[in-house]
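# Survey of secondary and tertiary structure
Chain by chain, the residues:
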Amino acid sequence: MHVVATLSLKGGVGKTTVALGLAGAALHHGIRTLLVDLDPQANATIALDVEPTTATIADVLDDPRRSVLRRAIAPSGWGEGLDVVVGAEQTERHNHPDPGPKQLNRLARALSRLHELPDTDPDDDDPIGHAAGYDADEPDAYRLVVIDCPPSLGQLTRSALTAAQRAILVTDPTMFAVAGVQRAFDAVHTERHRGNPELQPLGVLINRVRPRNAEHDYRISELREIFGPLVFSGVLPDRSAVQQAQGACLPIQAWDTPGAREVSAVFTSLLGRVLRSGRGIGRPGASPPPPIS
């Protein structure tokens, strides 16, 4: 199981769009995926068109037992193979500015329950069903976990970085981009040295790029000059298809327009990079992921 966080410490750059696009690409390529909606705005939960659950990520952070986690997971409306740990406004109560180690480790503890065997908790008589995305024949129920973080560096984002192996730093090509990426990069570096040595920045993804826009070209060049190969070569173009697909509660991969196909190609490339970075992480002897074509 490979855990990746989508991260931005500057609001409005399309961080949730990246989380949804990556999850949609995984669904399209048959990679069983769990999206954890850690943002109190819960926009990812809304876009994924999930049914009501008896618990949310806020309850999981209160009590990270597997029985609570099970009740917070719902199948997405996008199709079988993509499930959601449902977000809620109440998650904000866990966003303390200076959390202790016990608070920071709750999400990692909860996610570790995903591959525990046997398939029931000692305190829970109900088996974890296939409808919630679990398969009793698979020690790892999910190949990929995507965590959508809030745009702030409190307990929630730091919890995600404590649980993740990779972080995607999302930005847009504006005058504040460099400062936002630097803060996010520093946050990853800090959590790596505080106690999660597996954590690494996967790269910087630039979103909402307009072609033939001098300001955007300048900011992209600036980011590449400062952060070098950490900046992905592929950028996400600013296309109305993204908002249209989200408004229809559909993955961008299912929105059949030229703009949607252009955006989908970037997410396919991103998924390939995520999966390649995950080789060697997880169960001993686990087979490498299939190529993405």
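Refer to the preceding data block for the structure.
This text gives an overview of the structure that appears in the document. Please read all numbers here as calculations on a predicted model, not as lab measurements. (Residues numbered from 1 in each chain as written. Predicted model: local features only at pLDDT ≥ 70, side-chain atom pairs only at ≥ 80, totals over all residues. Heavy atoms only, no water.)

Attention now moves to the nonpolar core. General note: in soluble globular proteins, nonpolar side chains tend to be found buried as a group. Judged by nonpolar contacts, the single largest core of 48 residues is most densely connected at Val36, Leu107, Leu111, Leu114, Val145 and Ile147. Tallying contributions element by element places helix α8 (residues 177–194) first for this core, with 6 residues. Within the second largest apolar cluster, 41 residues are counted, among which are Ala47, Val242, Ala245 and Phe267. (Core = buried A, V, L, I, M, F, W, Y, C linked by side-chain atoms within 4.5 Å. Buried < 20%, exposed > 50% of the residue type's maximum accessible area, 1.4 Å probe, protein only. Helix = DSSP H or I, 4+ residues; strand = E, 2+ residues; numbered from the N terminus.)

Within the element layout of this structure, Gln253 appears in the loop between α10 (240–247) and α11 (258–277). For Gln253, the side chain forms a polar contact with the main-chain oxygen of Gly21, separated by 3.2 Å. In contact with Gln253, not counting residues within four places along its chain, are Gly21, Gly24, Ala25, His28, Ser264 and Phe267. (Polar contact = N/O pair within 3.5 Å; in protein donor to acceptor, adjacent residues only side chain to side chain. Contact = heavy atoms within 4.5 Å.)

Sheet architecture is open: 7 strands sit in the order β3-β4-β2-β5-β1-β6-β7, paired in mixed fashion. Lying at the two open borders of the sheet, with one neighbouring strand each, are β3 (73–75) and β7 (200–206). Averaged over all neighbouring strand pairs, the angle between strand axes comes to 25°, with direction disregarded. The pairing of strand β1 (residues 2–7) with strand β5 (residues 144–148) spans 5 bridges and is classified as parallel. For Thr6, the partnering residue across the bridge sits in β5 and is Asp148. Running over the sheet, helix α1 (residues 15–28) touches β1, β2 (33–37), β4 (82–85), β5, β6 (166–171) and β7 and is turned about 165° from β5. Against the sheet, α11 contacts β1, β5, β6 and β7, and its axis sits at roughly 175° relative to β7. (Pairing = 2+ DSSP bridges. Axes fitted to C-alpha atoms, helices over the stretch in contact; angles between N-to-C directions.)

Locating Val242 in the fold gives a position in helix α10. Under the relative-accessibility criterion, Val242 is labelled buried at 10%. Sequence separation of Val242 and Gln253 is 11 residues, and the distance between their C-alpha atoms is 9.9 Å.

The next thing to look at is the pattern of salt bridges. Between side chains of opposite charge, pairing is possible as soon as their charged atoms come close. Taken as a whole and assessed by the stated rule, the structure comprises 12 salt bridges. Linking Arg219 and Glu222 is a salt bridge whose minimum nitrogen-to-oxygen distance equals 3.1 Å. Taken together, the positions of Arg219 and Glu222, both in helix α9 (residues 214–227) and 3 residues apart, correspond to about one turn of that helix. In this structure, Asp256 and Arg261 form a salt bridge, with 2.4 Å as the shortest nitrogen-oxygen distance. Given a relative accessible area of 65%, Asp256 falls into the exposed group. Judged by relative accessible area, Arg261 falls into the partly exposed class, the value being 45%. Each of Lys15, Asp39 and Asp148 takes part in a single network of salt bridges with overlapping partners. (Salt bridge = Lys/Arg side-chain N within 4 Å of Asp/Glu carboxyl O.)

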